[in-house]
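Chain and residue survey
In case you want the letters, here they are:
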Amino acid sequence: MLGRLNHVAIAVPDLAAASAQYRTMLGAEVTEPQVLPEHGVTVVFIVLPNTKIELLEPLGKDSPITAFLAKNPSGGMHHVCYEVDDILAARDRLRQEGARVLGDGEPRLGAHDKPVLFLHPKDFNGTLIELEQA
Ligand SMILES: CC[C@@H](C(=O)O)C(=O)SCCNC(=O)CCNC(=O)[C@H](O)C(C)(C)COP(=O)(O)OP(=O)(O)OC[C@H]1O[C@@H](n2cnc3c(N)ncnc32)[C@H](O)[C@@H]1OP(=O)(O)O
Ligand SMILES: [Co+2]
């Protein structure tokens, strides 16, 4: 079911500072910020030869990552994103296996304009998993 590792996400308290640090200290190629109100975050991507790093900061008062940053004020690893060939089939299989699919279970368009879903971290070894339609 799982395809490529699409990205590893790091929640940061200050996206501009983290982006500048990756550019200057790590010589990284960093995309321009994407403001995603429907997800409650602003993100940039660090493009690597074999995957991407997503840096994300809260956007708005209901951001899903505000609580995470309250527990991890300097930031931290937030989620991993795997690609799947068929996100609805993956969702239905995971539900059958007893995994919690977050939200209303309907995929929404993510930062790459592809359908995404999230799986509860408590069901996967304390790790929030994002699935993205390949
Ligand atoms: C940019 C768009 C898209 C993309 O295309 O890439 C994105 O990546 S958007 C990213 C932001 N969106 C989301 O994260 C949506 C899914 N997340 C959620 O629904 C919630 O964050 C959550 C996972 C349900 C957690 O909600 P929260 O309000 O924080 O609930 P709790 O505080 O009760 O947490 C429950 C439990 O889970 C632990 N937790 C929370 N977040 C994480 C995490 N990222 N990784 C691991 N564990 C996490 C939290 O610590 C609680 O544990 P206990 O304290 O032990 O109960
Ligand atoms: Co993501």
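Because the structure is a prediction, the values reported are computed rather than measured.

**Considerations on the sheet that holds strand β3 (residues 41-47)**
By way of backbone hydrogen bonds, the strands of a sheet pair with one another, either parallel or antiparallel. Ordered by their spatial adjacency, eight strands build an open sheet running β2-β3-β4-β1-β5-β8-β7-β6, and the pairing between neighbours is mixed. The sheet terminates laterally at β2 (34-36) and β6 (108-109), the two strands that pair on one side only. Where strand β1 (residues 2-11) meets strand β5 (residues 76-84), seven bridges bridge the pair, whose relative direction is antiparallel. Bridged to A9 within β5 is H79. Docked against the sheet, helix α1 (residues 15-26) engages β1, β3 and β4 (52-58), running at close to 155° with respect to β4.

**Description of the site of ligand 1**
Taken together, 23 residues form the shell around ligand 1, and within it E54, H78, A111, K122 and E130 come nearest. Here a nitrogen atom of ligand 1 and a backbone polar atom of H78 are 2.8 Å apart. Contacts to ligand 1 include A111, whose backbone N or O atom sits 2.8 Å from an oxygen atom. Alone, ligand 1 offers 1100 Å² of accessible surface; in the complex the protein occludes 71% of this. For ligand 1, the cavity whose grid points lie within 2 Å of the majority of its atoms is the largest pocket. Of all the elements in the fold, those that place two or more residues in the shell around ligand 1 are β3, β4, α2 (66-71), β5 and β8 (128-133). Broken down by element, the shell around ligand 1 gets its largest block of residues, three residues, from α2. Among the residues making up the shell around ligand 1, the classes are represented as 13 nonpolar, six polar and four charged.

**Here's the deal with the side chain of K52**
Inspection of the secondary structure assignment puts K52 in strand β4. For K52, which is buried and forms no salt bridge, the nearest opposite charge comes from E83, at a distance of 5.7 Å. Leaving out residues up to four positions away in the same chain, K52 has contacts with N6, H7, V8, F45, I46, V47 and H112.

**With respect to the layout of surface pockets**
Counted as a void, the largest pocket has a volume near 820 Å³. Along the walls of the largest pocket sit 39 residues, with P64, H78, L102, F118 and L128 positioned nearest its centre. In the lining of the largest pocket, the residues fall into 17 nonpolar, 12 polar and 10 charged.

**Quick word on the coordination of the cobalt ion (ligand 2)**
Only H7 (NE2), E54 (OE), H79 (NE2) and E130 (OE) from the protein reach the cobalt ion (ligand 2) as donors, at distances of 2.1 to 2.5 Å. For the cobalt ion (ligand 2), the six donor atoms in the first shell make angles of 76 to 169° at the metal, a pattern classed as octahedral. Each donor residue of the cobalt ion (ligand 2) lies on the same chain, and together they follow the pattern H-x46-E-x24-H-x50-E. Remark: H79 occurs in strand β5 and E54 occurs in strand β4; sequence separation between them is 25 residues. Note on E54: relative accessible area 6%, which makes it buried.

**Quick notes on the UniProt feature "domain: VOC" (unreviewed entry) in the protein chain**
Here, the residues flagged by UniProt with the feature "domain: VOC" (unreviewed entry) are residues 4-134. The straight-line gap between the two end C-alpha atoms of residues 4-134 is 8 Å; of that span, 21% is helix and 36% is strand.

The rules behind these values
- Residues numbered from 1 in each chain as written.
- Chains lettered and ligands numbered in written order.
- Predicted model: local features only at pLDDT ≥ 70, side-chain atom pairs only at ≥ 80, totals over all residues.
- Heavy atoms only, no water.
- Pairing = 2+ DSSP bridges.
- Helix = DSSP H or I, 4+ residues; strand = E, 2+ residues; numbered from the N terminus.
- Contact = heavy atoms within 4.5 Å.
- Axes fitted to C-alpha atoms, helices over the stretch in contact; angles between N-to-C directions.
- Near = heavy atom within 4 Å.
- Polar contact = N/O pair within 3.5 Å; in protein donor to acceptor, adjacent residues only side chain to side chain.
- Areas by Shrake-Rupley, 256 points an atom, 1.4 Å probe, with all protein chains shown as cover.
- 1 Å grid on protein atoms, 1.4 Å probe; cavity = no way out; pocket = protein on both sides within 12 Å on 5 of 7 lines; lining within 4 Å.
- Sits in = over half its atoms within 2 Å of the grid points.
- Nonpolar A, V, L, I, M, F, W, Y, C, P; charged D, E, K, R; others polar.
- Buried < 20%, exposed > 50% of the residue type's maximum accessible area, 1.4 Å probe, protein only.
- Lys, Arg positive; Asp, Glu negative; His and termini not counted.
- Salt bridge = Lys/Arg side-chain N within 4 Å of Asp/Glu carboxyl O.
- Points joined across faces, edges and corners; volume = space filled by probe spheres on them.
- Donors = N, O, S within 2.8 Å, 3.2 Å for Na, K, Ca; no water.
- Tetrahedral: all angles 85-135°; square planar, octahedral: opposite > 155°, others 65-115°.
- UniProt positions renumbered as here; feature names shortened; annotations may be inferred.

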